[in-house]
Amino acid sequence: MSPNDSRIDARDWSLLAVLSVLWGGSFFFNGAALRELPPLTLVFLRVVLGAAMLLPLLRMQGISFPKGVAGWKPFLAIGLLNNVIPFSLIVIGQTFIPSGLASILNATTPLFTVMVMAAAREEALQMRRVAGVALGLAGVIILRGWGVETRSGQGLGILLCLGGALSYGFAALAARRLLKDSPPLGTAAFQLMASTVMMAVVAGVVEQPWHLPIPGLTTWLAVLGLAGLSTALAYIVFFQIIRRSGATNVMLVTLLIPVTAILLGWLVLGEPISAREIAGAIVIGSALLVIDGRVLNLLRRVT
């Protein structure tokens, strides 16, 4: 399927569902690890361990490293916009606001992406898609419940998370323009390697992590889950969807994340599902149908 096609096929819907589980877990892992680690150090560990996990796969697949400064420039840009800036802003934001509110703010990513792609003339600004994304965001708020707690620095935390969502929109544009022919595994690994270099400098200057006490087992398990599942594996899936269905479509995953989180809580932990959560999931499902457009076209033909 051409990335310019606004529709998503069945395979990519299934990949979006998988990605929503992988990225949804990042809010949980962040919350657990932030109890013992400062935010920038956590981001550094996330990218360096994610990159290390992908290196053996590069060798197995026979994927060569980029050559020279010119070869690494696209991955430095993607790493900055897709990892360094949003990871740092969102993790710091989570020190001011609850994880649930952070996930709601993260769900604004498709809206920012639609606007960025339209402003860059990469994709047409279709009002159907804008309306669908807005409806989906409303569904996330219904499903999660606004539940804003009064905390010191809450306004700053909200702005930081919104800044992270905006950065993801620019990252999608950069990936579309700079990495059209790069294999998903190579793109995922090389952007994480570039991000590792940048985050080593940032975390080293700001937090000096070598002076920190060694965290406990629970924190290390959260870091490994964050690096392995929510980063290394997630980015392979992410770049696969971008190549097949386009930048705007892949960002719809942020609407699915709250739904999958609640379903996992029900299936794994036996948590009850409320009527409000069911209503929110229905609204999100309706929004995704509006964005996809095929059901609306079918209704037009029938009428």
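Note that the coordinates shown come from a computational prediction; the quantities given were computed from them, not determined experimentally.

Asker: Would you mind going over the overall build of the protein in detail, with residue names and values included?
Answerer: Within the protein, the regular secondary structure consists of 13 helices and 0 strands. For the protein, the succession of helices and strands along the chain, N to C, is α-α-α-α-α-α-α-α-α-α-α-α-α. Put simply, the protein has 303 residues, and 51% of those count as buried. Pairs at least 24 residues apart make up 89% of the contacts formed inside the protein by residues separated by at least 6 positions. When the accessible surface of the protein is totalled, it reaches about 13700 Å², and 69% of it is carbon and sulfur.

Asker: I'd love a proper account of the side chain of Thr-231, names of residues and values included.
Answerer: Along the polypeptide, Thr-231 turns up in helix H9 (residues 217-245). Look at Thr-231 and you get buried, because its relative accessible area is 0%. A polar contact of 2.6 Å, which involves the side chain of Thr-231, links it to the side chain of Arg-46. Leaving out residues up to four positions away in the same chain, Thr-231 has contacts with Arg-46, Leu-192 and Leu-226.

Asker: Got a sec to walk through the packing of aromatic side chains? Specific residues and values, please.
Answerer: According to the stated counting rule, one finds 12 aromatic pairs in the structure shown. With centroids separated by 6.4 Å and ring planes inclined at 75°, the aromatic side chains of Phe-65 and Trp-72 adopt a geometry described as edge-to-face. Its relative accessible area of 23% is what places Trp-72 among the partly exposed residues. Through a chain of ring-to-ring contacts, three or more aromatic side chains come together here, namely Trp-23, Phe-87, Tyr-168, Tyr-235, Phe-238 and Phe-239. Its end group placed over the ring of Phe-87, Arg-46 keeps NZ or CZ at 3.7 Å from the ring centre.

Asker: Can you lay out helix H2 (residues 39-61) for me, pointing to particular residues and giving the numbers?
Answerer: Compared with the 33 Å implied by 1.5 Å per residue over 23 residues, the 33 Å span of H2 between its first and last C-alpha is a close match. Taking the largest bend as the criterion, H2 deviates by roughly 25°, centred on Leu-54, and proline Pro-56 comes between one and four positions later. Turning to H2, its buried residues are Pro-39, Leu-40, Thr-41, Leu-42, Val-43, Leu-45, Arg-46, Val-47, Gly-50, Ala-51, Leu-54 and Leu-58. Where the residues of H2 are buried, they touch helix H1 (10-33), helix H3 (68-93), helix H8 (184-206) and H9. At the exit of H2 stands Gly-62, carrying a positive phi of roughly 70°.

Asker: Mind laying out the side chain of Ser-182, listing which residues take part and the relevant values?
Answerer: Mapped onto the secondary structure, Ser-182 falls in the loop between helix H7 (154-178) and H8. Look at Ser-182 and you get buried, because its relative accessible area is 14%. At 2.6 Å, the side chain of Ser-182 and the side chain of Thr-187 are in polar contact.

Asker: Can you lay out the packing of H2 against H3 for me, pointing to particular residues and giving the numbers?
Answerer: At their nearest, the axes of H2 and H3 sit 9 Å apart, and the two run at 135° to each other. Classified by the interaxial angle, the pair formed by H2 and H3 is oblique. Where H2 crosses over H3, the two elements pack in a sense that is right-handed. Contacts between H2 and H3 pair Pro-39, Leu-40, Leu-42, Val-43, Arg-46 and Val-47 from the former with Asn-83, Phe-87, Ser-88, Val-91 and Ile-92 from the latter. Here the residues of the contact of H2 with H3 are counted per class, giving 8 nonpolar, 2 polar and 1 charged.

Asker: Could you give an account of the nonpolar core, with specific residues and numbers?
Answerer: Counting residues in hydrophobic clusters, the biggest one holds 77 residues, and the most contacted among them are Leu-19, Trp-23, Leu-42, Tyr-235, Phe-238, Phe-239 and Leu-255. For this core, the element with the highest residue contribution is H9, accounting for 11 residues. Beyond its immediate stretch of four places on either side in the chain, Leu-255 contacts Ala-107, Pro-110, Gly-136, Leu-137, Val-140, Ile-284, Leu-288 and Ile-291.

Asker: Quick rundown of a nonpolar patch on the surface? Include the residues and the values.
Answerer: On the surface, a nonpolar cluster with roughly 580 Å² of combined accessible area is contributed by Leu-263, Trp-266, Leu-267, Ile-273, Ile-278 and Ile-282. Among the secondary structure elements, those contributing two or more residues to the nonpolar patch are helix H11 (253-269) and helix H12 (275-292). Per-element tally for the nonpolar patch: the top contributor is H11, with 3 residues. Residue position: Ile-273 is located in the loop between H11 and H12.

Asker: Describe the packing of helix H4 (residues 99-106) against H7, listing the residues and the values that go with them.
Answerer: Where H4 meets H7, the closest approach of the two axes is 9 Å, and the angle between their N-to-C directions is 35°. In the crossing of H4 with H7, the sense of the turn from one axis to the other is right-handed. Contacts between H4 and H7 involve Leu-101, Ala-102, Leu-105 and Asn-106 on the former and, on the latter, Ile-158, Cys-161, Leu-162, Ala-165 and Tyr-168.

Asker: If you had to explain the environment of Val-114 to someone new, which residues and values would you point to?
Answerer: Looking at where Val-114 falls in the secondary structure, it is placed in helix H5 (residues 109-119). If near-sequence neighbours (up to four positions away) are discounted, Val-114 is found in contact with Leu-125, Val-130, Val-133 and Thr-248.

Cut-offs used in this document
- Residues numbered from 1 in each chain as written.
- Predicted model: local features only at pLDDT ≥ 70, side-chain atom pairs only at ≥ 80, totals over all residues.
- Heavy atoms only, no water.
- Helix = DSSP H or I, 4+ residues; strand = E, 2+ residues; numbered from the N terminus.
- Buried < 20%, exposed > 50% of the residue type's maximum accessible area, 1.4 Å probe, protein only.
- Contact = heavy atoms within 4.5 Å.
- Areas by Shrake-Rupley, 256 points an atom, 1.4 Å probe, with all protein chains shown as cover.
- Polar contact = N/O pair within 3.5 Å; in protein donor to acceptor, adjacent residues only side chain to side chain.
- Phe/Tyr/Trp six-rings, centres within 6.5 Å; stacked < 30°, edge-to-face > 60°.
- Lys NZ or Arg CZ within 6 Å of the ring centre and 35° of its normal.
- Expected span 1.5 Å × (residues − 1).
- Bend = angle between axes of the 7 residues up to and from the residue.
- Axes fitted to C-alpha atoms, helices over the stretch in contact; angles between N-to-C directions.
- Parallel < 35°, antiparallel > 145°, perpendicular 65-115°, else oblique.
- Left-handed = near helix turned anticlockwise from the far one by under 90°.
- Nonpolar A, V, L, I, M, F, W, Y, C, P; charged D, E, K, R; others polar.
- Core = buried A, V, L, I, M, F, W, Y, C linked by side-chain atoms within 4.5 Å.
- Patch = residues over 30% accessible without salt bridge, like charges linked within 9 Å, V, L, I, M, F, W, Y side chains within 5 Å.
- Salt bridge = Lys/Arg side-chain N within 4 Å of Asp/Glu carboxyl O.

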